[in-house]
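# Overview (structure and organization)
The primary structure of each chain is shown beneath.
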Amino acid sequence: MLHKTIHRRALLRVTGVSLFLPLFESLSPAVATENQSQSPRRMLFICRGLGLHGPDFFPQQTGRDYELTPYLKEIAAYRNQFTIISGISHPNAGSGHAAELSWLTGAPHAGSPSFKNSVSVDQLAAEHVGSATRYPFLSLTTHNSGLSTTRNGVQVPPEKDPAAIFRKLFVTGTPQEIRSQEHRLRQGRSILDSIRSELSQLEGTLPAADRQLLEQYTTAVRDVEQRLHNAESWMEKPKPRVDADPPTEFPPSEDIVGRSAMLYDLMVLALQTDSTRLITLLMDQAGGNGVPPIEGVSEGRHGLSHHGMDEAKLAQLRRVEIAELKAFAGLLEKLKSATEAPGQSLLGQTMVLYGSNMGNASSHDTRNLPILLAGGGFKHGQHLAFDRQRNVPLSNLFTSMLQRFGVEVDPFSSGAGTLNGLEEV
Amino acid sequence: MQSVRTPLPKKFSLQGALRFTCMALVFFRSLSFGFNALASDIPAVIREFAKQACYDCHNADTQEGDLNLEELSFEVEDAKAFSAWAKVKQRVQDGEMPPQSEDRPAAEITNAFLTALDTKLYDTDKHHQSIEGRALARRLNRDEYQNTLRDLLRVLKDYRPGLPEDGRSLGFDKVGSALSVSAEHLQSYMLTARDALNEVIATGPAPDSKLVRYQQRWDVKHFGKDFYSRFAWSFGDQPDALVRFGDFVERIVGYRGAPVAGMYRFRVKARAWGGETVKARIKAGDERNSNTSWVVTYAEFPPEGKVVEVTTYLRKKDTLRVSPIGIAGTGTQHRVEQMLKVKAGFDANTYQGPGLAMEWVEVEGPLYESWPPPGHQRLFGEVNLDIATHADAERVLREFLPRAFRRALTQDEVVHYVNIYDRAAKDSNFLAAIKVALQAALCSPYFLYLNAPPGALDDFALASRLSYFLWSSAPDDELTSLAANGQLRQPEILREQTERLLKDPKAAAFNESFTGQWLDLRKINATTPDDRLYPEWDELLEWSCVQETRSFFDEVLLNDLSVTNFMQSDFAILNERLAQHYGIPDVKGVALRKVKLPTDSVRGGVLGQASVLKVTANGTTSSPVLRGVWVQEHLLGKPVPAPPPGVPAVEPDIRGATSIREQLDKHRSDDNCAVCHAKIDPPGFALESFDVIGGWRESYRSAGNDMQNSIQVVRPLTFDARTFLRDPALRGPLKSRVAQGQIVDASGQLPSGESFTNYLEFRRALLAEPEQLARALTQHLITYATGTGPQYSDRESIDQIVARSRNQAYGLRSLIHEVIQSPIFLNK
């Protein structure tokens, strides 16, 4: 199925036997049922931890006939493939940088000493994907922190080393790696066998009510066994191989544009090969202190974000952010030109959320977030403007996305429903 | 903590029957279908009463309250029928049914009905307990699992974040029916077992443990040039110290985080900057991520300086984070803007407002008792991992398994695990193979479940029940050896062991878990008070009010004080911040201590404590209904049935137009509502004098803009930097104005008919019945200790516990002893 429905560009070809054994940690939950005649939906979530200067991003006019702003001019070619959303944010997000932790979760009061995070959109969707892809999701970062959190509100350790990500996706493990993974699966089976034999011994000795409780455990053993089985079948399937050279050196910390561009390329490859359908990327603040290698820029990215409306700083900030939007345009171009099925672009199947956890990075304001949604089977080409005083919950947009992805979901997190005005194609 | 919706309890539970009324009522309908024949099996004395008193309304046509009593099955062996009839009995016994407005059968008919029904229910439950046992088997909850790993393997890391959250039933995460197991659980148990074994098994040389002192000065190399220019306002550089004016970048200059996971000792030398003593928050964990760092404590530093020592576990790269609090505003935005606005001429190096001058920090670690560490030695003894054999594996497992399973093992059971080792050893070295066997043991139902056959608990099961009650962890060697010798059942030894366990530091787990759930302290941050209405709420108050209630519980427990102290006490456990909040003078500093309260202070007892008052409100408003239900269930042990479906909640109007009392009065004029609300509302009304953060109020605060009628609210923790920068003479805390709404009316009438006009009178009325408090607490302790709520036929045992406790003036410690010595505790 995998290789039939994906019409990859020439650079991709499937080669003979190659094995990659997923780590036990990444074993995915229940097997998803899927309509095989349709190409699957995908979602990308890209968060810019240091904001995006609003006046250069948000159009003045609402609806379809808005005038392009300086930033949007960089992606004008895809105007009908994206929607700009204003007047949207997480209620009680908390202040500043900490809110990147809850950008995909909507958990309130990030950064407060008693903050407790909740499940992120991508992780909820990953449960739905199950073992249909080799990896249920990828969580990436340009520096340190990531966007994906488990149902317990624990951050999934993000990956950032492009070479390692490339190896994980496309390179057969060394015989030693394969042996140790096989080994680990065998040990998992051995443990499950042990539990099963103890459960059956116990069963005979227990009163009826207690037996019911242990039946749950027996079911759990069976479910985990199924997951091991899925993991094994992925082990046996060859990894897709791409002719692209493995990424070499990750640009230095301050080159956030170079770093994100490199990760964008990997993200496209991962989607094209259907290695995963869900990717999150946080361009976090950590790289913010160094001066980006961009002409006319002499201050660090983080310092510039606190421009305090100083014109000299704003001018530099614009240069940086425009460079970042150019990189984003590159991502959209790759997604658009990759065809899935005749007449169907990868972009058409992929919801791309691009934005920030800060509406005004200069004052660490977490309302009125810059949010752009591209692709993924929605009617685009407009500026959807909501009340800037009384923002709609960002989780409404997440609810719309989850539903488009095929997850039957009640309003996600603090959402109250789907996002008004965003229509499916 | 989210509580799960639990199914109708499978066991015959009195509390369950009451709590699940609503569901039970729905079940009446389904049960009644086709049960005509069965209805005639009802004993005559019961049918006679029902015919006279019930069928008029509760028949197949009317089914008032969704109850068709005419056709309700009397096969009470069925759990649903049982709880339905138990409910019927309770309502009649309490005089709620038939309604006062109806003709009631003669007393002897009613009594005969109650006796016959009671006998039937009692016998049925007794019989059920003899066959099935009283308590369900249950798995360890997340805390117990963590503590058990800690004690079994001597691991230090907190593994709880990797485990699914536990369900709760009857208020506790100890109840078998709510502690489900799924594939997620099993998978995290498998991973955690592997990680914990990796943590404890030392394969390398001893890590280098050293002590380094880091002088705190501005260091451009350390912070980065750009950063300094940006946030200069946040730091002042002095010849011997770095002065912090906020909690930006809480790094220790020069320190790069823990080189390896382990215990570390920090000694922080700092002094208050700018005059008065400064309070500080001390956190440990990830330097950048507030989600993976935790508050260790709050401390204070005087102008002359002080060394604060903190020993804590750190993961690799974790660090200690020390920051002054209350320096300038609360939110980041507030702080930054405030300071930047006055940036012209502002120099952090000469600024004389409050700050924390950090002089140096000493870091020592990783600390370990021995190498290999104790956990490794306990696991492997003298076994040399490089040359170990099958015989060594058998020796290791023979030692380990009884500790893990908390009982003696048969030879076959040991062989089962040796076989796992042997199979794994075919293609692995000793260490890898023994790990598989150990990992399997840590995923075994014998490790994960607390379980015993029906009847009296054997000594091992008793040891587990005792240690999971008081330590939330496995029995230690002393308990286990007493169990192995068959001595633990002796009442005197059991009493001695109870005392020993209560005195052990591990008993802190009992305090945390029991108060965390009985008094809902774990919900302290479930809501954040609206900062326009309650600007004085701050992180120190949140932390302190939880400490207050925990310390209060400890005080009552330690000194065997009467449980009536939970309602009224002549002391409180306070620090400066709490005392400010309560308007009690002369308490200084962050440390909590026992304070004698003035006569008629509203603060003695948990209902006057900010923690309880906060968890029973929603951050913006308090509802007498919700608080009333809370008092009924948590303190008086009288669970209140859920409202009938389709009844909208009564919500306070924060614009202040109509009072909640007016809304409720309307509500109570309906007979159907009045039955329950006559019980629910009075405690809620009495507590209206306390606002959502536990402050005393004469009037409600209002979200309106009418500042004609407003009060000034002082934020004692928070320094008003803006005013200070304008005029240093105007030094002081930040103040705000909040509009006032309607006057509070805290009067009410108890179901007994007794009226009260305020909280103190209400409290006095409740104190007249200390037995009710003792009985309620007994029921909670039984649920907590046995993992199963009070059952129908438990009442003699409960009566006996309460009666004996009365002889000891209802002392809490005595009560715990009585629970442990009771048949309920000693049997499955």
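Residues numbered from 1 in each chain as written. Chains lettered and ligands numbered in written order. Predicted model: local features only at pLDDT ≥ 70, side-chain atom pairs only at ≥ 80, totals over all residues.

### Describing the overall build of chain A
For chain A, the helix and strand inventory stands at twelve helices and 13 strands. For chain A, with 425 residues in total, the buried portion stands at 52%. When contacts within chain A are restricted to residue pairs at least 6 apart in sequence, long-range pairs at least 24 apart make up 69% of them. (Helix = DSSP H or I, 4+ residues; strand = E, 2+ residues; numbered from the N terminus. Buried ≥ 20, exposed ≤ 12 C-beta atoms within 10 Å, placed from the backbone. Contact = placed C-beta atoms within 7 Å.)

### Description of the sheet that holds strand E14 (residues 699-702) of chain B
Residue and element names in this part refer to chain B. In spatial order, the strands read E14-E16-E15; together these three strands make up an open sheet with antiparallel pairing. Strands at the two margins of the open sheet, each flanked by one partner only, are E14 and strand E15 (710-719). In this sheet, adjacent strand axes meet at a mean angle of 50° when their direction is disregarded. With seven bridges connecting them, E15 and strand E16 (residues 733-743) associate as antiparallel partners. Residue arginine 715 lies in a different strand from E16, and its bridge partner there is leucine 734. (Pairing = 2+ DSSP bridges. Axes fitted to C-alpha atoms, helices over the stretch in contact; angles between N-to-C directions.)

### Here's the deal with the pairing of strand E3 (residues 235-238) of chain B
Residues and elements named next belong to chain B. Here four bridges tie E3 to strand E4 (residues 241-244), and the two strands are oriented antiparallel to one another. Looking across to E4, one finds that phenylalanine 235 is bridged to arginine 244. Between E3 and E4, which pair antiparallel in sequence order, lie two residues.

### Examining the nonpolar core
Residues and elements named next belong to chain B. If you look at the biggest cluster of nonpolar residues, it comprises 181 residues, and the most contacted ones within it are Leu356, Met358, Tyr421, Ala437, Ala441, Cys443 and Val819. At nine residues, the largest contribution of residues to this core is made by helix H15 (residues 430-442). In contact with tyrosine 421, other than residues within four places in its own chain, are Ala393, Leu397, Ala433, Ile434 and Ala437. (Core = buried A, V, L, I, M, F, W, Y, C linked by C-beta atoms within 7 Å.)

### Let's talk about the sheet that holds strand E7 (residues 293-301) of chain B
Two orientations exist for strands paired in a sheet by backbone hydrogen bonds: parallel and antiparallel. Residue and element names in this part refer to chain B. Ordered in space as E7-E6-E9, the three strands form an open sheet in which the pairing is antiparallel. On the outer flanks of this sheet lie E7 and strand E9 (319-324), each paired with one strand and no other. For this sheet, the mean angle separating the axes of adjacent strands, direction not counted, is 25°. In this sheet, E9 lies alongside strand E6 (residues 278-285) in antiparallel orientation, the contact comprising six bridges. Across the sheet, the residue bridging to arginine 281 is serine 323, located in E9.

### Brief notes about helix H14 (residues 411-425) of chain B
Its 15 residues place the ends of H14(B) 21 Å apart at the C-alpha level, agreeing with the 21 Å of an ideal helix rising 1.5 Å per residue. Taken together, the buried positions of H14(B) are occupied by B:His416, B:Tyr417, B:Ile420, B:Tyr421 and B:Ala424. Here the buried residues of H14(B) occupy an arc of 135° about the axis, which is enough to place them on one side. The outward face of H14(B), more than 90 degrees from its buried face, is lined by the exposed residues B:Gln411 and B:Asp412. Lining the buried residues of H14(B) we find helix H6 (175-203) of chain A together with helix H13 (390-405) and H15 of chain B. (Expected span 1.5 Å × (residues − 1). Arc of directions from axis to C-beta.)

### Points about the pairing of strand E10 (residues 355-367) of chain B
All names here are of chain B. The sheet contact formed by strand E2 (residues 210-215) and E10 spans six bridges and is antiparallel. Counterpart to glutamine 215 in the pairing with E10 is tryptophan 360. Relative to E10, E4 is paired through three bridges, and the arrangement is antiparallel. Note on E10: the bridge partner recorded for arginine 244 is leucine 356. Judged from the ten bridges that link them, strand E5 (residues 262-273) and E10 form a sheet pairing that is antiparallel. Each residue of the ladder has a partner; that of arginine 265, found in E10, is glutamate 364.

### Some words on unusual backbone geometry
All names here are of chain B. Here methionine 97 and proline 98 are connected by a cis peptide whose omega angle stands at -15°. The residue proline 98 is located in the loop between helix H5 (79-93) and helix H6 (107-132) in this model. A cis amide bond links tryptophan 371 to the next residue, proline 372, at an omega of 0°. Notably, lysine 317 is not glycine yet its phi reads approximately 80°, a positive angle. Relative to the helices and strands, lysine 317 is located in the loop between strand E8 (306-314) and E9. Of the residues examined, lysine 317 has 14 C-beta atoms within 10 Å and is grouped as partly exposed. Of note in this structure, arginine 406 is not a glycine but carries a positive phi near 60°. Within the secondary structure layout, arginine 406 lies in the loop between H13 and H14.

### Quick word on the confidence of the model for chain A
Segments scoring low in pLDDT should not have their predicted coordinates read at a detailed level. For chain A, the average pLDDT comes to 85, and 89% of its residues sit at 70 or higher. For residues 1-37 of chain A, every residue scores under 50 in pLDDT, and the model assigns this stretch 73 contacts once sequence neighbours within four places are set aside. (pLDDT = per-residue confidence, 0-100.)

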